[in-house]
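# Examining the three-dimensional arrangement
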Amino acid sequence: MTAPPRVLSTPAADATIAMLAARHGPLMFHQSGGCCDGSAPMCYPAGEFRVGGQDVLLGHVAGGVPVWIGAAQFEYWRHTQVTIDVVPGRGAGFSLEGPEGVRFIVRSRVFSDAEVDALDAADPPRRG
C-alpha cells in the first residue's frame, strides 16, 4: 500500500487559499496546538512564520502550499490525516483569512492500521 497523504484540503479551502495567494503571494500554513485559535491552522505569507528545526512538514495543499506542524502536535496527531477546511466566522489569530470573514479549521480522521503501516514504512516527514 502506498502511504496516504498526511494533509488534504477541501475545495472550499482551496478556493480561499487561491484568493489569498492572489493577494499576498506564496503562502504557508503552520498548525500548532498552542495559543490564539488553539489548534487552528494559521495561514501566513511564505517565510513570514519561521519554521524551526522541530517543526514537521505534513505535506502540501492547494497546488503546493506547505503545511507545517509543531513537533509535539505531530506526535499527538501522527496517526491522523488532517484536512484543512474553511468555515464562515472570524478567528482570533493572525491568519491571513481573518479579514475575509472566514476561518480555516482542521477536520481529521484516524488512519487505518494498513495506512499507519504504510506511513511507518515510508521515509519520515521532513523537519524544518
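Residues numbered from 1 in each chain as written. Predicted model: local features only at pLDDT ≥ 70, side-chain atom pairs only at ≥ 80, totals over all residues. Heavy atoms only, no water.

### Structural notes on the overall build of the chain
Put simply, the test is: Counting from the N terminus, the helices are the DSSP runs of H or I reaching at least four residues and the strands are the DSSP runs of E reaching at least two. The size measure is the radius of gyration over C-alpha atoms, and the globule rule it meets is 2.2 Å times the number of residues to the 0.38 power. Here's how the labels work: a residue is buried when its accessible area is under 20% of the maximum for its type, exposed when over 50%, partly exposed in between, all with a 1.4 Å probe on protein chains only. When checking whether two residues touch, look at their non-hydrogen atoms; a contact exists if any pair is within 4.5 Å. Calculation of accessible area relied on Shrake-Rupley with a 1.4 Å probe; when residues are assessed, cover is drawn exclusively from the protein chains displayed. The charged-residue count follows a simple rule in which Lys and Arg add positive charge and Asp and Glu add negative charge, with His and chain termini not counted at all. Every charge is mapped onto a representative atom, which is NZ of Lys, CZ of Arg, CG of Asp or CD of Glu.
Looking only at helices and strands, one finds three helices and seven strands in the chain. Order of helices (α) and strands (β) in the chain, N terminus to C terminus: β-α-β-β-β-β-α-β-β-α. The globule rule puts the C-alpha radius of gyration for 128 residues at 14 Å, and the 14 Å found for the chain is close to it. By principal-axis analysis of the C-alpha atoms, the chain measures approximately 40 × 30 × 25 Å. Of all 128 residues assigned to the chain, the portion counted as buried reaches 42%. Taking the contacts inside the chain whose residues are at least 6 apart along the sequence as the reference set, 62% of them involve residues at least 24 apart. A total accessible area of about 6700 Å² is found for the chain, and carbon and sulfur atoms account for 54% of it. The centroid of the 10 positive side-chain charges in the chain is displaced by 5 Å from the centroid of its 13 negative side-chain charges.

### Description of the nonpolar core
Put simply, the test is: Among the buried residues, those of types Ala, Val, Leu, Ile, Met, Phe, Trp, Tyr and Cys that are joined through side-chain atoms within 4.5 Å form a nonpolar core.
If you look at the biggest cluster of nonpolar residues, it comprises 20 residues, and the most contacted ones within it are Phe29 and Phe104. Broken down by secondary-structure element, the contributors of at least two residues to this core are helix 1 (11-24), strand 2 (27-31), strand 4 (56-61), strand 5 (65-69), helix 2 (71-77) and strand 6 (80-88). Excluding residues within four positions of it along the chain, Phe29 makes contact with Ile17, Pro41, Met42, Cys43, Val61, Val65, Pro66, Val67, Trp68, Ile84 and Phe104. Core analysis: the second largest hydrophobic core is formed by six residues, Met28, Met42, Tyr44 and Trp68 among them.

### Observations concerning the packing of aromatic side chains
Selection criterion: The rule is short: rings of Phe, Tyr and Trp, with Trp giving its six-membered ring, pair when the centres are within 6.5 Å, and they are stacked under 30 degrees, edge-to-face over 60, tilted in between.
For the structure shown, the criterion picks out two aromatic pairs. With a centroid separation of 5.0 Å and 80 degrees between ring planes, the pair formed by Phe29 and Phe104 is classed as edge-to-face. You can see Phe29 sitting in strand 2 and its partner Phe104 sitting in strand 7 (residues 102-110), a full 75 residues away along the chain. Since its relative accessible area comes to 1%, Phe104 is described here as buried. Note on Tyr44 and Phe49: the rings are 5.3 Å apart at their centroids and 20 degrees apart in plane angle, and the pair reads as stacked. The class for Tyr44 is buried, based on a relative accessible area of 14%.

### Describing the sheet that holds strand 5
Put simply, the rule reads: The rule for pairing is simple: two strands pair if DSSP sees at least two bridges between them. To get an axis, a line is fitted to the C-alpha atoms, and for a helix only the part in contact is used. The angle between two axes follows their N-to-C directions and goes from 0 to 180 degrees.
Ordered in space as 3-2-5-4, the four strands form an open sheet in which the pairing is mixed. Every other strand in the sheet has two partners, leaving strand 3 (41-45) and strand 4 as the edge strands with one partner each. The sheet shows a mean angle of 25 degrees between the axes of neighbouring strands, direction not considered. As judged from the five bridges shared by strand 4 and strand 5, these two strands associate in the antiparallel manner.

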